[in-house]
Every structure is written in structure tokens, then in C-alpha cells.
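Each chain, written out:
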Amino acid sequence: MNRQFDTIAILGVGLIGGSIGLAVLRRGLASRVIGVGRRIEGLRMALEMGAITSFTLAPAEGVAEADLVVVCTPVGRIADDVRTVARHCRSGTLITDVGSTKGAIVAEVGGSLPGGVQFIGSHPLAGSERSGAAAAEVDLFVDRVVVLTPSAATQSEDLERLGDFWRSLGARVVTMSAEEHDRALAITSHLPHLVASALAASTPQELLQLTATGWADTTRIAAGDADLWRQIFASNRDSLLASLSSFEQQLASFRAALEGRDDDGLVELLAAAKRRRDTA
């Protein structure tokens, strides 16, 4: 198989980073995958699982020979991590990330990288409420969308290389601006997490024994890491507030139908929601 990148460095070998490493090595897409992290226990687990071929606690060492660097750290750290590792990358290295927001990251990285080192944002729409290398899955990206957010400085050949990389992991690639991405994901990802969390928090403890699959399915993502989601919400605050306003209007329509004993209106609201869900 033709290899686009001989050596790949992954900063943060958790669910997403570990899944990337597993997929790359199982598919023979690189000869080396170097894991970079802060906890040696997690890196050793990733090595034992076959998600990386070696590891280091020193970012400068980990990225020194990398052709591709994938930053899988929390959203609040990504821009700083990109700028830090870029200083130790050789010319021609491509850096990407997997953050759930893009506008702030792309703006902060800007033109601050050394000559010859390029950054293009990525967001794989894949994952779960679980975390850590133990949750990694080799086929996590198969048939999942990965959004690429090039900037005005992005070279077309680098965008093509990065797109080909994600496609080689089984993903479908979509390209849009960082601003478009954040507006869209506020509706399709960040608002659902907020709503799931609100629903879980509004359920009295003594009634949990009466919950069933509907409650479990709807609140599943509320089990995600609280500080990670705080960073995502804060990074995409304005777009999330706009999507929350739209959702509140929908809730107000349901309330009005219930208070007005408008059964026909209620059916119409439910049917419209069903039609939208059925087309997903």
C-alpha cells in the first residue's frame, strides 16, 4: 500500500488518538506511529494495544521526525500545543487536530508557525462518552464524516494529502470554513450535549429506577467528561447560544400546544420532528 506519511506523531493517545493509531497501523499506512502524552501508563497501554509503535513524554522528541502530527489534546490546549510542537517539526511537516471547535483554534494558530510547517484543522465526527486509549476502536472512522477547515494560507496539495489520509481510515471528508463548521456543530453536536445534560440533571435521583431505554438513549452523551465539554461550550459560545435560542423556540411551541390543549398542533409538532429524524 502506498504510504502518504512514513512517520506519524499523535499528541494525546486517548479514544480518538488511539483509534487513529490503530487504524493507521492495521492498514499499513505508516511505518511508525509515535505517541506523545503526559501519562506513561496510558502510553504503555496504547503500545500494548498496537495503537503506537513507540512513545515519549517529550513533545519535541516525538514530533522531530514526523511527516504528520495529529494533535488530540483538549480543545482549550490545541492552539498552544500546535504552536509548541511546530517549533520542533522539520520543514514539510503537516499538523492537524481533532478538536470539536475550529474558529478559535484556526485564528490563534494563524500565521504563527515556522516556515515550511503547515496546519489544517480537522474534526472527525466520531467518538463516544468513553475516554482513554482503552476505548480506542480500529474502525471508529469508517463511514464517519471528517470536516476539514482550511484557511486562506492552506496549500491545495496539503489539503488533498490530509483528505486522502482521513479517507484511508474509512472516513467521508467534508471541507468548510472554520466559522461555518462552528455554526453547524453548535446545532448538531454541542446543543445535543447541552440538552442531554439538562435532561439528566432535571431527573430526580429517586426516579432513576423508573428510567428506561428512552431516557438512557437521550442522556447517554451526558456521561462525557465535564471539563472537556466546558471547553467546547466556551470555545463556541456565540454559536451555541444561537442554537439554544432556536431550541427554546421549539420548546415554547410544545408548551403552547400543551397549555392550550391543542392536540392537533401537538401532533403537527411531533410529526414534523419525526419526519426530520427519519431523514437523518
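As the structure is a prediction and not an experimental result, all values here were calculated from the model. (Residues numbered from 1 in each chain as written. Predicted model: local features only at pLDDT ≥ 70, side-chain atom pairs only at ≥ 80, totals over all residues. Heavy atoms only, no water.)

Our focus in this paragraph is the pattern of salt bridges. Applying the stated criterion to the full structure yields eleven salt bridges. For Asp80, the salt bridge identified is with Arg83, shortest N-O distance 2.4 Å. You can see Asp80 and its partner Arg83 sitting in helix 4 (residues 75-86), three residues apart, about one turn around the helix. Looking at Asp80, the relative accessible area reads 42%, which means it is partly exposed. Owing to a relative accessible area of 24%, Arg83 belongs among the partly exposed residues under this scheme. (Salt bridge = Lys/Arg side-chain N within 4 Å of Asp/Glu carboxyl O. Helix = DSSP H or I, 4+ residues; strand = E, 2+ residues; numbered from the N terminus. Buried < 20%, exposed > 50% of the residue type's maximum accessible area, 1.4 Å probe, protein only.)

Attention now goes to helix 10 (residues 237-259). With 23 residues, helix 10 ought to run about 33 Å at 1.5 Å a step, and its terminal C-alpha atoms sit 32 Å apart, in line with that. Along helix 10, the residues that are buried comprise Ser239, Leu240, Ser243 and Ala257. Close packing links the buried residues of helix 10 with helix 7 (178-201), helix 9 (226-235) and helix 11 (263-278). In the stretch just after helix 10, Arg261 is the one whose phi turns positive, near 50°. (Expected span 1.5 Å × (residues − 1). Contact = heavy atoms within 4.5 Å.)

Moving on, we come to the packing of aromatic side chains. What the rule picks out here adds up to four aromatic pairs. An angle of 80° between the planes, with centres 6.0 Å apart, marks the rings of Phe5 and Phe165 as edge-to-face. With Phe5 in the segment before strand 1 (7-11) and Phe165 in helix 6 (residues 156-168), the pair connects residues that are 160 residues apart, well separated along the chain. Per residue, the accessibility class of Phe5 equals that of Phe165, and both read buried. Summarising the aromatic geometry, the rings of Phe165 and Trp166 are spaced 5.4 Å apart at their centres and angled 65° between planes, so their arrangement reads as edge-to-face. Since its relative accessible area comes to 1%, Phe165 is described here as buried. One aromatic cluster in this structure is built from Phe5, Phe141, Phe165 and Trp166. (Phe/Tyr/Trp six-rings, centres within 6.5 Å; stacked < 30°, edge-to-face > 60°.)

Between helix 7 and helix 9, the least distance of the axes is 11 Å, while the angle of their chain directions is 125°. It follows that helix 7 is oblique to helix 9 by the angle criterion. For helix 7 against helix 9, the interelement crossing comes out left-handed. Of helix 9, the residues touching helix 7 (which contributes Ser189, His190, His193 and Leu194) are Trp229, Ile232 and Phe233. Looking at the contact of helix 7 with helix 9, its residues break down into four nonpolar, three polar and no charged. (Axes fitted to C-alpha atoms, helices over the stretch in contact; angles between N-to-C directions. Parallel < 35°, antiparallel > 145°, perpendicular 65-115°, else oblique. Left-handed = near helix turned anticlockwise from the far one by under 90°. Nonpolar A, V, L, I, M, F, W, Y, C, P; charged D, E, K, R; others polar.)

Right, let's get into the sheet that holds strand 5 (residues 94-97). What the six strands build is an open sheet, ordered 3-2-1-4-5-6; its pairing is parallel. In this open sheet, the two strands that pair with only one neighbour each are strand 3 (54-56) and strand 6 (118-119). The pairing of strand 4 (residues 68-71) with strand 5 spans four bridges and is parallel. Bridge assignment links Leu68 to a residue of strand 5, and that residue is Leu94. Here helix 6 sits on the sheet in contact with strand 1, strand 4, strand 5 and strand 6, set at roughly 55° to strand 5. (Pairing = 2+ DSSP bridges.)

Another point: the sheet that holds strand 8 (residues 145-149). Taken in spatial order, the three strands line up as 7-8-9 in an open sheet, and their pairing is mixed. Of all strands in the sheet, those with a lone pairing partner are strand 7 (121-124) and strand 9 (172-175), marking the two edges. This sheet shows a mean twist of 25° between the axes of neighbouring strands, independent of strand direction. Inspection of the sheet shows strand 8 paired to strand 9 by four bridges, in the parallel sense. Across the sheet, residue Val147 finds its bridge partner in strand 9, namely Val174.

Note on placement: Leu57 falls in the loop between strand 3 and helix 3 (59-63). Among the residues examined, Leu57 registers a relative accessible area of 47% and is labelled partly exposed. In this structure the C-alpha to C-alpha distance between Leu57 and Leu11, which are 46 residues apart in sequence, comes to 9.7 Å. Discounting chain neighbours no more than four positions away, the residues touching Leu57 are Gly37, Arg38, Arg39, Ile40 and Leu43.

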